[in-house]
Amino acid sequence: MNILVTGGAGYIGSHTCLSLLEAGHDVCVADNFSNSKEAPLSRIQEITGRRLQFYRIDLTQKASLSRVFESHRFDAVIHFAGLKAVGESVRVPLAYYYNNIVGSLVLFELMGAYGVKNIVFSSSATVYGEPEKVPIQESFPVCPTNPYGRTKLYIENILRDLYAADPQWNIAILRYFNPVGAHPSGRIGEDPNDIPNNLMPFISQVAVGKQPALFVYGNDYPTHDGTGVRDYIHVMDLAEGHVHALNRLRADPGLATYNLGTGRGASVLEMIAAFEKASGKPIPYKIASRREGDIAVCYADPALAEKELGWTAKRGINEMCEDAWRWQSKNPDGYT
Ligand code: NAD
Ligand code: UFG
């Protein structure tokens, strides 16, 4: 298939482009590089030995995006492009609503106009807010607690309305849990612009000596060791989930929503121990107070994705840490 990948230069997008190329698909990336660089795109081509095309384009700019649709005949779109930092979304909500929602509206409008009605959308476990129980199933209530999460839910609902109005659309909404790790080559990985907000990139920067110590946000949660529990999923498992979702759109059209997680939770202290083992480096840490907005436990029930997409996550936390460390140690300053 010929796939347009929005946000394809970013962390999850770049790993997915690699999986798509390896699965034999043709890839065209549209990215404004607001949170990424061009380097991963050339590295993906080196790793796979295949070419991809890319456009430096902001999705909110309809005329520019229209030219991309004019020059290609896409079979499907994978829509990653968006801003994703929870804390920043609380500080500058309008920038998040504008970028994520207007960008999506422009994209969907052009897809309809050019007859490209197959889409895989990057949603997030954050739409569930604080779950009443775990593991989380797709049918659970949604109640995001921050503007970023609300943009994800609103875009999901726009897609549901689009499908209700025109059932020719084929839509897979993927709710990711906590993506971590890197391609095993160590050539592409996560490259945060500033001090990382998320656990795994922060631990990696402590291991490589760029940060002195990790702050563990709370050890008084009702979990087995008191620290927060999450469903960490290897980014390559996640990338492969998108290839499965595309196949599903073709084989069984319609609209469906899937959790992409492993179904297993790991605590902050367990992640620190796994990273120390993988890297052979000590990870000094200090217990700090809880981070506002954090929840105690979050992990997926991934049974629906297994049943309908034929996909399960294969890689465990040791492999996630080994691959994250290979990327970080080979590229201590990321892509620069
Ligand atoms: P990322 O920031 O690395 O990638 C997003 C890409 O989109 C970047 O390359 C950025 O430059 C691009 N972009 C942003 N706004 C754009 C616009 N208006 N026009 C064109 N390009 C634009 O993020 P990621 O971690 O790869 O996440 C990809 C998607 O998955 C996002 O939609 C994110 O919300 C979602 N998601 C991420 C996580 C996570 O923890 N990483 C979890 C759940 C969901
Ligand atoms: N944590 C620390 N110290 C840190 C960073 C994180 O102790 O420096 C803890 C958090 O308190 C939490 C766990 O590590 O218990 C994971 O935190 P992350 O920030 O890595 O991930 P979150 O689960 O908070 O959120 C991430 C993304 C969201 C997304 C969500 C579910 O940031 O956008 O996963 O996909 F919605």
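Now for a look at the structure at hand.

Conventions adopted
- Residues numbered from 1 in each chain as written.
- Chains lettered and ligands numbered in written order.
- Predicted model: local features only at pLDDT ≥ 70, side-chain atom pairs only at ≥ 80, totals over all residues.
- Heavy atoms only, no water.
- Helix = DSSP H or I, 4+ residues; strand = E, 2+ residues; numbered from the N terminus.
- Rg over C-alpha atoms; globule rule 2.2 N^0.38 Å.
- Buried < 20%, exposed > 50% of the residue type's maximum accessible area, 1.4 Å probe, protein only.
- Areas by Shrake-Rupley, 256 points an atom, 1.4 Å probe, with all protein chains shown as cover.
- Lys, Arg positive; Asp, Glu negative; His and termini not counted.
- Charge placed at Lys NZ, Arg CZ, Asp CG, Glu CD.
- Near = heavy atom within 4 Å.
- Polar contact = N/O pair within 3.5 Å; in protein donor to acceptor, adjacent residues only side chain to side chain.
- Pairing = 2+ DSSP bridges.
- Axes fitted to C-alpha atoms, helices over the stretch in contact; angles between N-to-C directions.
- Contact = heavy atoms within 4.5 Å.
- Core = buried A, V, L, I, M, F, W, Y, C linked by side-chain atoms within 4.5 Å.
- 1 Å grid on protein atoms, 1.4 Å probe; cavity = no way out; pocket = protein on both sides within 12 Å on 5 of 7 lines; lining within 4 Å.
- Points joined across faces, edges and corners; volume = space filled by probe spheres on them.
- Nonpolar A, V, L, I, M, F, W, Y, C, P; charged D, E, K, R; others polar.
- Phe/Tyr/Trp six-rings, centres within 6.5 Å; stacked < 30°, edge-to-face > 60°.
- Lys NZ or Arg CZ within 6 Å of the ring centre and 35° of its normal.

**Considerations on the overall build of the chain**
- Helix and strand counts for the chain stand at 11 helices and 14 strands.
- A compact globule built from 336 residues should have a C-alpha radius of gyration of about 20 Å, and the chain, at 19 Å, falls within 12% of that.
- Summarising its shape, the C-alpha atoms of the chain cover approximately 55 × 45 × 40 Å along the three principal directions.
- When the 336 residues of the chain are sorted by exposure, 54% land in the buried category.
- A total accessible area of about 14,300 Å² is found for the chain, and carbon and sulfur atoms account for 49% of it.
- Looking at charge distribution, the chain has the averaged site of its 32 positive side-chain charges lying 3 Å from that of its 36 negative ones.

**Description of the site of ligand 2**
- In the vicinity of ligand 2, 21 residues are found, and the nearest of them are S124, F177, F215, R230 and D294.
- At 2.6 Å, a side-chain N or O of R230 approaches an oxygen atom of ligand 2.
- A per-element tally of the shell around ligand 2 places strand β8 (residues 214-217) first, with four residues.

**Description of the sheet that holds strand β2 (residues 26-31)**
- Read from one edge to the other, the open sheet built from seven strands follows the order β3-β2-β1-β4-β5-β6-β11, with strand pairing classed as parallel. Of all strands in the sheet, those bounded by a partner on one side alone are β3 (53-56) and β11 (255-260). Between one strand and the next, the sheet's axes are offset by a mean angle of 20 degrees, whatever the strand orientation.
- Examined bridge by bridge, strand β6 (residues 170-176) and β11 share six bridges and lie parallel to one another. When the bridges of β11 are listed, I171 appears paired with L255.
- Relative to the sheet, helix α1 (residues 11-22) contacts β1 (2-6), β2, β4 (76-79) and β6, its axis offset from that of β2 by approximately 165 degrees.

**Section: the nonpolar core**
- Counting 41 residues, the largest nonpolar core has V5, L20, V27, I44, V120, L174 and L260 as the members making the most contacts within it.
- With seven residues, the top contributor of residues to this core is helix α8 (residues 235-251).
- Setting aside anything within four residues of it in sequence, one finds L260 in contact with L174, R175, Y176, F177, I233, L238, G241, A305, L309 and W311.
- Counting 24 residues, the second largest nonpolar core, distinct from the first, contains L59, V77, W169 and I171.

**Remarks on empty space enclosed by the protein**
- Using the criterion set out here, one finds one cavity of 30 Å³ or more in the structure.
- Considering the residues around the largest cavity, the lining is formed by Y11, V180, G181, A182, E190, M200, P201, S204, A324, W327 and Q328.
- Elements that contribute at least two residues to the lining of the largest cavity include exactly α7 (199-207) and α11 (317-330).
- In terms of residue class, the lining of the largest cavity is made up of seven nonpolar, three polar and one charged.

**Things to note about the packing of aromatic side chains**
- Evaluated as defined, the whole model comprises seven aromatic pairs.
- For the ring pair F69 and F74, a centre distance of 5.6 Å and an interplane angle of 85 degrees mean the geometry is edge-to-face.
- The exposure class assigned to F74 is buried, which follows from its relative accessible area of 7%.
- Between Y97 and Y154 the ring centres are 6.1 Å apart and the planes differ by 20 degrees, which places this aromatic pair in the stacked class. Here Y97 is found in helix α5 (residues 93-113), whereas its partner Y154 is found in helix α6 (residues 147-165), with 57 residues between them in sequence.
- The partly exposed category is assigned to Y97, whose relative accessible area is 24%.
- Members of the aromatic cluster, each reached through a chain of ring pairs, are F69, F74 and Y114.
- We note R290 situated over the ring of Y221; from NZ or CZ to the ring centre the distance is 4.0 Å.

**Considering the side chain of N100**
- Examined against the element boundaries, N100 turns out to sit in helix α5.
- Here the side chain of N100 touches L83 through a polar contact of 2.8 Å, landing on its backbone nitrogen.
- Side chain to side chain, N100 and N99 meet in a polar contact 3.1 Å long.
- Each residue touching N100, except ones within four places of it in the same chain, is listed here: G82, L83, Y148, T151 and I155.

**Considerations on the site of ligand 1**
- If you check the shell around ligand 1, you find 28 residues, and the closest are D31, N35, S36, F80 and Y148.
- Within the contact set of ligand 1, an oxygen atom lies 2.8 Å away from a backbone nitrogen or oxygen of Y11.
- Separating an oxygen atom of ligand 1 from a side-chain N or O atom of Y148 is a distance of 2.6 Å.
- The fraction of the free accessible surface of ligand 1 (820 Å²) that becomes covered by protein chains is 95%.
- When residues of the shell around ligand 1 are traced back to their parent elements, those giving at least two are α1, β5 (118-124) and α6.

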